[in-house]
Amino acid sequence: MSLFKARDWWSTTLGEKEEFDQGCLCVADVDNSGSGQDKIIVGSYMGCLRIFNPHPVKPGDGMQAEDLLLEVQLREPILQVEVGKFVSGTELLHLAVLHCRKLCVYAVSGTLGSVEHGNQYHIKLVYEHNLQRTACNMTYGPFGGVKGRDLICIQSMDGMLMLFEQESYAFGRFLPGFLLPGPLTYSSRTDSFITVSSSRQVESYKYQVLAFATDADERQETEQQKHSSGKRLVVDWVLNIGEQALDIRVVSFNQMVSSLFVLGERNFFCLKDNGQIRFMKKLDYSPSCFLPYCSVTEGTINTLIGNHNNMLLVYQDVTLKWATQLPHTPVAVKVCSLQDMKGLIVTLSDSGHLQCSYLGTDPSVFQAPKVESREINYEELDREMKELQKIIKEATKTQDILPKSEDDDLKVTAEVSFHLDAISQAIDSEVRAEVVPSVTVKITVQSRLAVQKPKLSVCVQPPLALTCDQFIFNDIGPAVSKTVVLSAFLKGNCPPAELEGNAIFSYNTPTDFNPKGVPRVAQCKFRLPLRLICFPAQPSKTANHKLTIDTNKPPVSLVSLFPDFSDQSDEDQVNSLGFQFLAGSRITLLASKTSQRYRIQSDQLEDIWLIGNELTLRLEEHFKKQNCKDFLCTFSGSIPLQEYFECIDHHFELRLNAEKFQELLSERAIQFRAIERRLLTRFKDKTPAPLQHLDTLLEGTYRQVIALADAAQENQANMFQAFIKLKSATHLVIMLISLWQKLSPDQVAILEATFLPLMQDTQELGWEETVDAAISYLLRTCLSKSSKEQALTLTSQLSMPKDTSRLKKHITLLCDRLAKGGRLCLNADTNTQQAIIMPGGCTTIPESNLEERTAVQDPTPIFTDHKHLTKQKSKPDLSQSVLDEEEKP
């Protein structure tokens with residue numbers, strides 16, 4: 001079959017994931033160059049218009065940059081492109097582009113280039129028509145026998161023919177008995193429009209009949225229209241072909257004879273002007289497109305037919321003359337002249353493969369070489385394989401482009417001092433305290449190899465700050481260590497959400513292939529002491545928020561757990577401790593003498609997080625030193641969702657205020673600039689004129705702008721603190737859920753990635769919409785009840801919500817699913833199994849929207865607003881009086 005393949009003269013692929021159809025291809029001298037050379041015009045359903053003028057150096061070359069004359073991205077899908085005399089007053093060719101609701105006519109022109117970049121082409125919109133109905137296809141021609149210009153007829157999806165006399169709309173007529181649109185063409189010899197209706201009939205309508213028929217104001221013909229003075233639209237002739245048509249074309253031999261060609265789904269018809277069949281050909285394949293054109297033999301017509309077998313067949317009347325193989329399935333085919341080569345075949349596939357080819361029988365010059373026949377010596381091959389493997393192994397060890405560094409090549413260690421600095425190193429702290437403590441952090445870099453461009457970056461989470469966070473070194477030689485000392489302190493006037501810090505060391509390691517070095521990064525984490533942000537205080541008997549953590553081991557003395565916060569001689573601190581934040585509330589920690597419980601209480605919910613996290617970490621470290629491997633912390637109380645929702649609402653309210661301030665500032669700034677312009681006009685005027693209190697208005701507007709800017713700045717500071725408090729409350733909720741459901745570290749990591757996706761909160765991308773999208777994804781995947789929920793799609797754009805009701809319902813629903821057996825996992829297979837084995841009780845998420853589901857359906861009050869308030873009795877031991885009361889039946 002290589003003898004009959006289409007010879008590739010020039011080809012290219014258009015765009016990515018674009019779609020094309022039979023109306024998207026056109027060939028003509030659209031720029032009116034007068035050289036007789038055609039240009040290839042292609043439009044896509046993605047709205048991209050391209051014009052090509054191929055100039056391959058040799059046949060088979062791909063597209064060069066200069067082959068693309070013009071590429072324009074239009075706003076709407078392109079249904080069809082045609083070239084004709086569409087502008088009045090000139091016979092130059094113009095480009096007509098049909099969109100769904102618009103018809104645009106462009107003038108394509110080129111400018112001669114004066115430098116090596118070549119000519120420049122551009123299009124100019126001459127006129128456009130906004131369509132009242134959705135368009136399907138169009139045809140053009142000298143309707144009514146006009147000379148020197150072309151008119152356009154557009155067929156709508158509901159069966160209306162809309163005729164345009166170039167820049168003006170002429171009239172519109174509905175086709176009788178219309179159901180679905182079909183292909184449309186115009187015959188200039190008979191001045192008729194020919195189409196194929198949904199009744200599988202070829203119908204012809206005279207232009208004069210369309211022009212004098214009743215105006216198409218309504219689709220349904222009323223009784224008044226039947227008896228009106230206008231004529232009814234009558235078909236000229238009808239031919240039943242018994243199948244749906246793919247395309248219809250008119251070819252003229254001369255001014256006296258023309259033929260109408262119809263490509264059906266299984267047959268190919270040639271009709272006379274009066275609708276009689278001249279001949280037909282039954283096809284044994286599924287056609288995709290066709291193009292009839294005049295043959296060199298007088299009285300015959302050649303037809304190119306493409307099919308879905310990637311074949312292009314050439315017929316002379318009904319006789320098959322040639323068959324050639326294409327690399328794609330064509331949906332449009334044209335014949336053009338390029339570079340003085342006449343008869344080039346242009347084909348376009350639905351995926352955008354554009355090819356110019358010719359028919360020929362160029363033989364293949366490739367010949368397979370003869371294979372030398374010899375016996376195979378397997379022992380020799382084994383020895384050769386072992387030698388090659390040895391060479392490859394040695395080469396990978398010594399000459400790797402990106403060598404694998406060992407663990408001890410470069411180490412970064414951070415050492416945090418256990419004691420606070422004797423002299424505080426805090427700088428510009430906003431904390432309202434007499435002394436803001438600081439702690440020394442020593443970071444050491446030990447390198448076994450020579451490194452280039454070393455740089456050390458140390459970061460902590462605000463409102464914590466460092467005295468210095470960037471260190472740049474000279475090149476470090478092998479077996480050299482570098483040490484830096486810095487201090488950390490609390491800068492903002494609120495407790496931090498995290499005490500962890502990170503030291504990142506970036507450097508380059510030179511190799512044989514890259515002397516400049518391969519970039520690498522080493523890092524280490526460190527944890528700042530709790531004494532940095534709080535100091536010991538007297539325990540408080542009352543608090544608004546109380547949480548109880550259960551353990552499976554006997555209670556540990558708080559003096560041994562928190563030696564840096566307790567006095568060894570004070571026996572009251574064995575079971576109760578007080579912590580006072582530098583910029584926050586007081587937290588009380590209680591340990592029961594008889595039970596295995598610890599209670600944390602405070603007036604602010606978010607302040608409980610740091611003490612609770614420190615308690616669990618120190619308990620784990622305490623029992624780890626005793627070689628106790630089965631220590632476990634649990635939480636059996638209610639998750640404080642209502643208090644958590646109050647933090648969310650407060651943060652969201654500040655975001656709304658920020659938007660309002662931004663809008664008001666924009667309005668006042670516009671007003672301020674307008675007043676300035678008027679004042680400048682008055683001052684520049686040669687004739688003095690009264691200011692009419694414009695100066696007073698300018699001063700008042702200036703004061704408003706300053707006041708709004710100050711209010712916006714204050715709101716921004718409050719929003720920063722609210723976001724830190726929200727992060728602390730979120731950490732607390734995640735910790736309580738993990739203790740409550742005994743989640744694994746991987747599941748806790750999923751929760752943290754879901755609830756804490758942002759390190760910094762902005763107006764463009766806020767915490768609420770980001771967390772809502774993440775929780776919605778979990779509810780539709782691993783926590784879904786059925787496969788129907790998994791099929792729901794999520795929105796691809798995140799925008800600031802109107803309120804937080806949807807987010808709060810999703811959080812409640814997440815806790816509900818976890819309480820009823822759901823497990824967090826990001827594996828798709830596990831998600832499917834989880835949806836199958838998940839226990840009952842979780843109703844299906846409505847397909848319309850998740851928030852339509854009620855928050856909690858279980859009558860058991862698991863997530864209600866419980867603050868663990870207990871009636872306290874007057875007893876000498878504070879911790880025992882509070883904790884033992886819960887142990888009573």
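Residues numbered from 1 in each chain as written. Predicted model: local features only at pLDDT ≥ 70, side-chain atom pairs only at ≥ 80, totals over all residues. Heavy atoms only, no water.

## What about the overall build of the protein chain?
Okay, step 1: Tallying secondary structure elements over the protein chain gives 13 helices and 43 strands in all.
Okay, step 2: Taking all contacts inside the protein chain whose residues are at least 6 apart in sequence as the whole, residues at least 24 apart take part in 61%.
Okay, step 3: Surface exposure of the protein chain reaches about 47,100 Å², of which carbon and sulfur atoms provide 51%. (Helix = DSSP H or I, 4+ residues; strand = E, 2+ residues; numbered from the N terminus. Contact = heavy atoms within 4.5 Å. Areas by Shrake-Rupley, 256 points an atom, 1.4 Å probe, with all protein chains shown as cover.)

## Some details on a nonpolar patch on the surface
Okay, step 1: A grouping of Val-234, Val-235 and Val-238 is seen on the molecular surface, where their side chains present a nonpolar patch of about 210 Å² in accessible area.
Okay, step 2: Within the secondary structure, Val-234 sits in the loop between helix H2 (223-226) and strand S18 (237-240).
Okay, step 3: Judged by relative accessible area, Val-234 falls into the exposed class, the value being 52%. (Patch = residues over 30% accessible without salt bridge, like charges linked within 9 Å, V, L, I, M, F, W, Y side chains within 5 Å. Salt bridge = Lys/Arg side-chain N within 4 Å of Asp/Glu carboxyl O. Buried < 20%, exposed > 50% of the residue type's maximum accessible area, 1.4 Å probe, protein only.)

## Quick look at the environment of Ser-88
Okay, step 1: Its place among the elements puts Ser-88 in the loop between strand S7 (80-84) and strand S8 (94-98).
Okay, step 2: The partly exposed category is assigned to Ser-88, whose relative accessible area is 39%.
Okay, step 3: Residues Ser-88 and Glu-165, spaced 77 residues apart in sequence, show a C-alpha to C-alpha distance of 8.9 Å.
Okay, step 4: Here Glu-167 takes part through its side chain, which lies 3.1 Å from a polar atom of the side chain of Ser-88. (Polar contact = N/O pair within 3.5 Å; in protein donor to acceptor, adjacent residues only side chain to side chain.)

## As for the nonpolar core
Okay, step 1: By size, the foremost hydrophobic cluster in this structure holds 98 residues, and its most contacted members are Phe-579 and Tyr-644.
Okay, step 2: When residues in this core are grouped by element, the largest group, 11 residues, is from helix H7 (residues 694-741).
Okay, step 3: By size, the runner-up hydrophobic cluster in this structure holds 19 residues, among which are Cys-26, Leu-95, Val-108 and Ile-123. (Core = buried A, V, L, I, M, F, W, Y, C linked by side-chain atoms within 4.5 Å.)

## Considerations on the sheet that holds strand S40 (residues 576-581)
Okay, step 1: On the basis of which strands lie adjacent, the open sheet formed by 6 strands has the order S38-S40-S41-S42-S39-S43 and antiparallel pairing. Among the strands making up the open sheet, the edge pair consists of strand S38 (534-537) and strand S43 (633-634).
Okay, step 2: In this structure, S38 lies alongside S40, joined through 4 bridges in antiparallel fashion. When the bridges of S40 are listed, Ala-537 appears paired with Gly-578.
Okay, step 3: Its contacts with the sheet put helix H5 (residues 608-625) on strand S39 (545-551), S40, strand S41 (586-591), strand S42 (597-602) and S43, and the angle it makes with S42 is roughly 160°. (Pairing = 2+ DSSP bridges. Axes fitted to C-alpha atoms, helices over the stretch in contact; angles between N-to-C directions.)

## A short note on the packing of H7 against helix H11 (residues 805-819)
Okay, step 1: Closest axis-to-axis distance for the H7/H11 pair is 11 Å, and the angle between their directions is 15°. Considering their axes alone, H7 and H11 lie roughly parallel with respect to each other. Crossing angle aside, the handedness with which H7 passes H11 is right-handed. Within the contact between the two elements, H7 uses Ile-737, Trp-740 and Gln-741 and H11 uses Cys-815, Leu-818 and Ala-819. (Parallel < 35°, antiparallel > 145°, perpendicular 65-115°, else oblique. Left-handed = near helix turned anticlockwise from the far one by under 90°.)

## A closer look at the pairing of S7
Okay, step 1: Of all 5 residues in S7, 5 are buried, a share of seventy percent or more.
Okay, step 2: Every second residue of S7 is oriented toward a common face, with Gln-80, Glu-82 and Gly-84 on one face and Val-81 and Val-83 on the other, all of them buried.
Okay, step 3: Bridge count between S7 and S8: 5 bridges; the pairing is antiparallel. Bridged to Val-83 within S8 is Leu-95.

## Concerning the pattern of salt bridges
Okay, step 1: Counted by the stated rule, this structure contains 23 salt bridges.
Okay, step 2: Asp-247 serves as the salt-bridge partner of Arg-249, at 3.3 Å between the closest nitrogen and oxygen.
Okay, step 3: Taking the relative accessible area as the measure of exposure, Arg-249 reaches 21% and is therefore partly exposed.
Okay, step 4: Using a relative accessible area of 10% as the deciding quantity, one classes Asp-247 as buried.
Okay, step 5: Note that Glu-667 is salt-bridged to Arg-668, the shortest N-O span being 3.9 Å.
Okay, step 6: Taken together, the salt bridges that share partners define one network made up of Glu-500, Arg-527, Asp-564, Glu-614 and Arg-618.

## Looking at the sheet that holds strand S26 (residues 319-325)
Okay, step 1: The strand order across the open sheet built from 4 strands is S23-S24-S25-S26, with neighbouring strands paired in antiparallel fashion. Lying at the two open borders of the sheet, with one neighbouring strand each, are strand S23 (287-294) and S26. Within this sheet the neighbouring strands show an average axis-to-axis angle of 20°, counted without direction.
Okay, step 2: With 7 bridges joining them, S23 and strand S24 (residues 301-307) adopt antiparallel strand pairing. Paired with Pro-287 across the two strands is Asn-307, which belongs to S24.

By themselves these figures say nothing about function.
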